[in-house]
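Structural overview for review
These are the residues of each chain, in order.
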Amino acid sequence: MKGKRRRRGTQETGFVDSRCGFGIEFIDGVLSPMTLLSLPLRSLRVRASHFAVAHLHNSGFSGGSRDPMVVDNSQNPSELWFAKVVCGMCVRFDSLDSCSGYLDGKVTPNVAFEVIRRFHSPDLALKFFEFSRVRLSLIHSLGTYNYMIRSLCEMGLHEAAYWVLECMRNDGHSPDSYLMGVLVGSFAEAGELEAVRRFLRDNVDGANSFVYNKVLSILVRKNRMDEALSFFRECMASQSCMDTCTFNILIRGLCRASQMDTAYRFYEAMDDFRCFPDIITYNSLIDGFCRSNEVEKAHDLLREVLSRDDVLPDVVTFTSVISGYCKMGDMEAASFLFTEMTTSGIKPTMITLNILIDGFGKVGDMASALAMFDKMLFLGFTPDVVTYSSVIDGYCRHGHVDEGLKFWQEMNRRNVHPNKYTFAILINALCKENRLEEARVFLVQLKQRNVAPQPFMFNPVIDGFCKSGKVDEANSIVSEMEQMQCKPDKITFTILIIGHCVKGRMLEAISIYNRMLMVRCTPDTITMNSFVSCLLKAGMASEALQIKKQAAVDSINHGIASSGTNHASQRNVGIPVAV
């Protein structure tokens, strides 16, 4: 063998092949993994047949015959190592054609799967995939095809995935419904509905309800109900490939889109397609009717469920109707349903109890709210921020702020962290009682409690100080608000403008108005009319006229805002002041 010995030893031998120009190392008759993975670029055009290691590898690789349809996850070390070698060759060589003689008969379906799995580049994976099929006549395993199609779909390479599917069929594999669902789902996610239709036309025999439902579910999730209904009529109804799940998907989407009449028609049509409603069907319709304030219709459906032998209501069914009655303020009906639910053996959830506590609080029945609070503890539930916020809101709504503050202190003792709504409830209630300094303390706590500040928390306090004539205090709070990275909104600016006008500080009011325009916060009709009225009362007719003119321009520009044209109110245009 040609070459110069680099190292001596009984177990480790190294050679330098003068024909290849790179080092080859093997230990105990096994090729070192560094060989092909560290090839210098200048050796890329060396033919694989010249590798001095070729005949040595045969003794180290023990690839037996395996079922090409199955990927064996228990590959031996030499297979895994050889997969690394092949990966290195794919990376280093522009073409693998010169290596085909060396690789022929050694690349098994298991090795091929491992090679493809290791590639992060789809180009390299497809390159090796095509080479192994054409030059090595390899029939890839079902696992390889599943992996490639799924991976290509995840990367958005839909056409490549479709081509791999055709190769899969040519190799005698039939894609199952899951794989077909992955492919059509990927097309649907990308908005390529025509490609979905083409695929289903070409695979009529293989596609089942699972595949069609996958597409339908994606369209509904993306709020593309018109396309979902069109897809149902064109593709599904004609093929009779629908089941109860199909109708549930459509009914749920229609309910969320508040198209209750259409949703109910689909429910009525289920029998015509030999599909029968289940509890998911009923729960979707009941929730939809409750959200549309048609609680009686929802209750009628609940009665229908109770009258059937093949469908049983669950806690979701009852909770939806209970919530509907609570929103209507009909706590008597809500309480009756709660009793009916518990006596039938259905246990309430935290959501059920929180809904009832909130409902009792809103109608001022704090005794019942607290009784439900105690029942929650008795059932082993731990009150959360929603529970406490509902009780606090109930007390504050009916003028018992101090009682609400007691529950605030209790939730702090129990380490229940308040959210932005808890803060907003107390701040607003304190401001209504003109307890502005106490409300301001809560604003300071926002940062300490890691609660993201929102304008609706600051506006009641700013409004309270403005109405008390303490405009400078209001300005100070706005500064604190901005320091907390909370931008004033339309209501904030309106409060400040009117507050300064009432104090006769008209120039400052105009300055605030101009600032409002500069930060692209468009004033509404209330802001404009109130400000113009104040200017006219102050004898500033020319300024009032200028604002009216600008409002007219804004109204015209509003129609072309989507084309990218700036509103007049969005430019740095100031209202001139007569001095």
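Residues numbered from 1 in each chain as written. Predicted model: local features only at pLDDT ≥ 70, side-chain atom pairs only at ≥ 80, totals over all residues. Heavy atoms only, no water.

When helices and strands are tallied, the protein chain shows 30 helices and 3 strands. When the 579 residues of the protein chain are sorted by exposure, 48% land in the buried category. Look at the contacts in the protein chain between residues 6 or more apart in sequence, and 60% of them connect residues 24 or more apart. For the protein chain, the accessible surface area stands at approximately 29000 Å², while carbon and sulfur atoms represent 52% of it. (Helix = DSSP H or I, 4+ residues; strand = E, 2+ residues; numbered from the N terminus. Buried < 20%, exposed > 50% of the residue type's maximum accessible area, 1.4 Å probe, protein only. Contact = heavy atoms within 4.5 Å. Areas by Shrake-Rupley, 256 points an atom, 1.4 Å probe, with all protein chains shown as cover.)

Let us look at the environment of D261. Topologically, D261 is positioned in helix α14 (residues 260-269). It is 9.8 Å that separates the C-alpha atoms of D261 and F289, two residues lying 28 residues apart in sequence.

Another point: the environment of H398. Turning to its location among the elements, H398 is positioned in the loop between α21 (385-397) and α22 (401-413). The partly exposed category is assigned to H398, whose relative accessible area is 37%. Discounting residues that sit within four places of it in the chain, H398 has contacts with G361, K362, V363 and G364.

Close reading of the predicted structure is inappropriate where its pLDDT is low. Residues at a pLDDT of 70 or more form 81% of the protein chain, whose mean pLDDT is 81. Taken together, the stretch residues 1-73 has pLDDT below 50 and engages in 114 contacts with residues farther than four places along the chain or on a different chain. The model gives residues 560-573 a pLDDT under 50, and that stretch makes 26 contacts with residues more than four places away or in other chains. (pLDDT = per-residue confidence, 0-100.)

In this model, the largest pocket occupies a volume close to 360 Å³. If you trace the largest pocket, you find 18 residues lining it, with S389, D393, C396, R397 and I425 closest to the centre. If one sorts the elements of the lining of the largest pocket by residue count, α21 sits on top with 7 residues. Here the lining of the largest pocket is composed, by residue class, of 7 nonpolar, 5 polar and 6 charged. As a volume, the second largest pocket reaches approximately 210 Å³. Lining the second largest pocket are 14 residues, and of these D287, T319, S320, I351 and I355 lie nearest its centre. Those elements giving two or more residues to the lining of the second largest pocket turn out to be α15 (279-291), α17 (315-328) and α19 (350-362). (1 Å grid on protein atoms, 1.4 Å probe; cavity = no way out; pocket = protein on both sides within 12 Å on 5 of 7 lines; lining within 4 Å. Points joined across faces, edges and corners; volume = space filled by probe spheres on them. Nonpolar A, V, L, I, M, F, W, Y, C, P; charged D, E, K, R; others polar.)

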